[in-house]
Amino acid sequence: MSRSLPLGAPVVHLFIADLRLHDHAALHAGLAQALAEGRPWLALWLPPPAQPTPWGWPRTGARRLAWWHSAAHGLAQGLARHGHPLWCLPDGTTATLQAWISACSPAAVHVLEVPAPEERAVLQTLVAWGIPVHRHGIGTLHEAADLPFTPEAVPTVFTAFRQAVERAHTPVPGPLPVPTRWPAAWQPAENIADRLGWRCLDPQAPDDTALLAGDARHALPWPPADEAPWGGEAAALRHLQRYLDGGHARRYKATRNHLADPWGSSHWSLWLATGALSPRQALAALRAHEAAHGATDGTYWLWFELLWRDHFRWLHRRFGAALYRARGLAPHAPPRPLDPQRLARWMQGETGCDIVDAGMRELAASGYLSNRMRQIVASYWLHELQGDWRVGAAWFEAQLLDHDPCSNTGNWLYIAGLGTDPRGGRRFDPRKQAAQHDPDGAYRRRWLAPDTRP
Ligand SMILES: Cc1cc2nc3c(=O)[nH]c(=O)nc-3n(C[C@H](O)[C@H](O)[C@H](O)COP(=O)(O)OP(=O)(O)OC[C@H]3O[C@@H](n4cnc5c(N)ncnc54)[C@H](O)[C@@H]3O)c2cc1C
């Protein structure tokens, strides 16, 4: 695609999973370029994919879509304070990208990269068309250059990764402030938005809180209704502080396996997934809490878990699309033919295994599951029902509010024994798990009792 650069060609920030203004190196860099070159600036959001999966459900379910829109409205509010609208692309197809490029001929595109194949493909398309694409990290705590290994040699086993990072004492950069200097906003030619199907997000659009929190059985620490948009960065930062001020991080190691405890784990994943919360911001707040109140095994363990998140991102950077094969990184794996009835029973929570059914109903009704329940239901799909990991992961993708391609794929491969872990998969015995984590059956009763909602 050949292109000439008009005078008013904007510098673009392509928001993908970084819907915030705080701690945003890519944002700072793009704004600085626009200011230095006297160019307008354009904020463009690429929403999560909407197309159907091969198994018939949409890639992004209605609740997760509502969550992303809530996060995007939060971003739109923040941008509006600096005189900028947030434009929304209809999708990430080549045709849409082509129309975008010919409409505004960007001088450059800045992104915080999601190191998963589909998101990378969008950027590769832009590069192939000659657009200068500036990538600013992959949303991890450390920068690649600060790690004690190259990204190509990232340790494949988590413990080795964590130990190397901890031994190196590499400091995590502190979070950046919200930018203070903003260039002029890019002005679209008349009718162009209509012609391209673009729209500007309405910063005042209400949250769909009925969809997000409508099922009273959920165990999510939702903010009060007047703190909408719940998905926005302001709500994310308030939740972060509330969690720490409540002393929950101090107890985290003891409570993280609770199955239905809104404060048993941090729930930072909800905002980390959309990027409304930066992991460095979360870590900085955790460290400040430790400095004020002392470290505990709970606060240490939260850091440990954030390193799991990073590990899956670095593994994506290293292995890329190979992770998404049916056999993952294994040399071979026997094919697992799909039994649609088994799949339907698992998705609907009708397997006959009570702890699994409770979990699958919670997932479908609330868009969230504790880590322990994710392990139990994923193991059941893989090891009892002999399902293909990609189908299970796709159902999680559609349902989970906090879906993150790297963490989701990484965890599924780990339990399936098709990732980089040498121990060959994890089977969680549902009976033992229920006895250990739901000894009085309260969790199962909560989700298996007949649904009495009107
Ligand atoms: C099959 C399966 C699928 C999963 N899919 C996702 C997903 O799509 N998105 C997602 O964010 N997490 C996923 N996880 C990881 C984990 O279950 C969630 O991160 C966690 O339950 C989120 O709740 P929290 O924020 O309260 O976590 P906490 O327990 O409070 O942990 C703090 C943070 O550490 C990170 N973290 C914790 N555990 C893990 C882990 N096992 N892997 C990677 N990061 C971790 C998350 O960013 C989390 O927010 C999955 C786990 C399994 C077993």
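Criteria and cut-off values
Here the residue numbers are simple positions, counted from 1 along each chain's written sequence. Whole-chain, interface and lining totals are the exception, using all residues; otherwise, since this is a predicted model, local features are given only for residues with pLDDT of at least 70 and side-chain atom pairs are given and counted only at 80 or more. Side-chain descriptors were evaluated using all non-hydrogen atoms of the structure, hydrogens and water having been removed beforehand. UniProt positions are given in the numbering used here, feature names are shortened, and annotations may be inferred rather than shown by experiment. Think of it this way: DSSP has to see at least two bridges between two strands before they count as a pair. Each helix is a run of H or I in the DSSP string that is no shorter than four residues. Each strand is a run of E no shorter than two, and both are numbered from the N terminus. In this description, contact between two residues means that some pair of their heavy atoms is separated by no more than 4.5 Å. Axes here mean lines fitted to C-alpha atoms, for a helix over just the part in contact, with angles spanning 0 to 180 degrees between N-to-C directions. Salt bridge, as used here, is a side-chain nitrogen of Lys or Arg placed within 4 Å of a carboxyl oxygen of Asp or Glu. A 1.4 Å probe rolled over the protein chains alone gives each residue an accessible area, and that area as a share of the maximum for its type sets the label: buried under 20%, exposed over 50%, partly exposed in between. The pocket and cavity definitions rest on a 1 Å grid over protein atoms only: a 1.4 Å probe that fits but cannot leave marks a cavity, an open set with protein on both sides within 12 Å along at least five of seven lines marks a pocket, and residues lining either have an atom within 4 Å of a point. Grid points are joined across faces, edges and corners, and a volume is the space filled by probe spheres set on the points. When residues are sorted by character, Ala, Val, Leu, Ile, Met, Phe, Trp, Tyr, Cys and Pro go into the nonpolar class, Asp, Glu, Lys and Arg into the charged class, and all the rest, Gly among them, into the polar class. What marks off one domain from the next here is an automatic or database domain assignment. Residues belong to a common nonpolar core when they are buried Ala, Val, Leu, Ile, Met, Phe, Trp, Tyr or Cys residues joined through side-chain atoms within 4.5 Å.

Under an unreviewed UniProt entry, the name given to the protein chain is Cryptochrome DASH, and the organism recorded is Tepidimonas taiwanensis. Taken verbatim from the UniProt record of the protein chain, the Sequence similarities (unreviewed entry) comment is "Belongs to the DNA photolyase class-1 family." Comment text from UniProt for the protein chain, heading Function (unreviewed entry), reads "May have a photoreceptor function."

A. How the structure looks around the sheet that holds strand E4 (residues 108-111). Pairing in this open sheet of six strands is mixed, and the strands run E5-E4-E1-E2-E3-E6 from one edge to the other. One side of each edge strand has no neighbouring strand; the edge strands of this open sheet are strand E5 (133-135) and strand E6 (199-200). Examined bridge by bridge, strand E1 (residues 11-15) and strand E2 (residues 41-45) share five bridges and lie parallel to one another. Its bridge partner lying in E2, valine 12 is registered against leucine 42. Sitting on the sheet, helix H3 (residues 94-104) is in contact with E1, E2 and E4, with an inclination near 170° to E2.

B. Inspection of the pattern of salt bridges at higher detail. By the definition in use, this model includes 24 salt bridges. Where arginine 39 meets glutamate 37, a salt bridge forms, and the shortest distance between an N and an O atom there is 3.0 Å. Given the relative accessible area of 18%, arginine 39 is considered buried. By relative accessible area, glutamate 37 is classed as partly exposed at 44%. A salt bridge links arginine 374 to aspartate 402; the nearest nitrogen and oxygen atoms lie 2.8 Å apart. Of this pair, arginine 374 sits in helix H15 (residues 371-384) while aspartate 402 sits in the loop between helix H16 (389-399) and helix H17 (405-416); the two residues are 28 residues apart in sequence, bridging distant segments of the chain. Aspartate 402 carries the same exposure label as arginine 374, and that label is buried. Each of Arg59, Arg64, Glu118 and Glu397 takes part in salt bridges that share partners, so that together they form one network.

C. Highlighting empty space enclosed by the protein. Under the criterion given, the structure shown has three cavities of 30 Å³ or more. In this structure, the largest cavity occupies an estimated 140 Å³ of space. Taken together, 15 residues form the lining of the largest cavity, with Phe312, Leu315, Gly410, Gly419 and Thr420 sitting closest to its centre. Elements represented by at least two residues in the lining of the largest cavity include exactly helix H12 (297-319) and H17. With five residues, the top contributor of residues to the lining of the largest cavity is H12. Of the residues belonging to the lining of the largest cavity, the class tally is eight nonpolar, six polar and one charged. Here the lining of the largest cavity gathers at least three residues from each of two domains, domain 2 (232-319) and domain 3 (325-448). What the second largest cavity holds in volume is close to 90 Å³. Lining the second largest cavity are 15 residues; nearest its centre among them are Ala17, Leu112, Gly139, Arg309 and Arg313. Only helix H10 (269-274) and H12 provide two or more residues apiece to the lining of the second largest cavity. Across the lining of the second largest cavity, the residue classes break down as seven nonpolar, two polar and six charged. Each of two domains, domain 1 (8-137) and domain 2 (232-319), supplies a minimum of three residues to the lining of the second largest cavity.

D. Representation of the layout of surface pockets. Within this model, the largest pocket holds a volume of roughly 1,300 Å³. Taken together, 45 residues form the lining of the largest pocket, with Tyr252, Glu305, Trp308, Asn371 and Asn411 sitting closest to its centre. Of all the secondary structure elements, the ones that give two or more residues to the lining of the largest pocket are helix H5 (158-168), H10, H12, H15 and H17. Among the elements that make up the lining of the largest pocket, the one with the highest residue count is H12 (eight residues). Here the lining of the largest pocket is built from residues that sort into 22 nonpolar, 13 polar and ten charged. Viewed by domain, the lining of the largest pocket spans two of them, domain 2 (232-319) and domain 3 (325-448), each represented by three or more residues. Of the voids in this model, the second largest pocket is the one considered here, and its volume is about 1,000 Å³.

E. Local environment of the UniProt feature "domain: Photolyase/cryptochrome alpha/beta" (unreviewed entry) in the protein chain. Mapped onto this numbering, the UniProt entry annotates "domain: Photolyase/cryptochrome alpha/beta" (unreviewed entry) at residues 9-141. Between the C-alpha atoms that bound residues 9-141 the distance is 33 Å, and the span itself is 41% helix and 15% strand.

F. Here's a closer look at the nonpolar core. By size, the foremost hydrophobic cluster in this structure holds 85 residues, and its most contacted members are Trp268, Trp346, Ile355, Val356 and Trp412. No other element matches the ten residues that H12 contributes to this core. Those residues in contact with valine 356 that lie beyond four places of it in its chain are Trp346, Thr351, Ile376, Val377, Tyr380 and Pro430. With 27 residues, the next largest nonpolar core counts Leu14, Ile16, Leu46 and Val114 among its residues.

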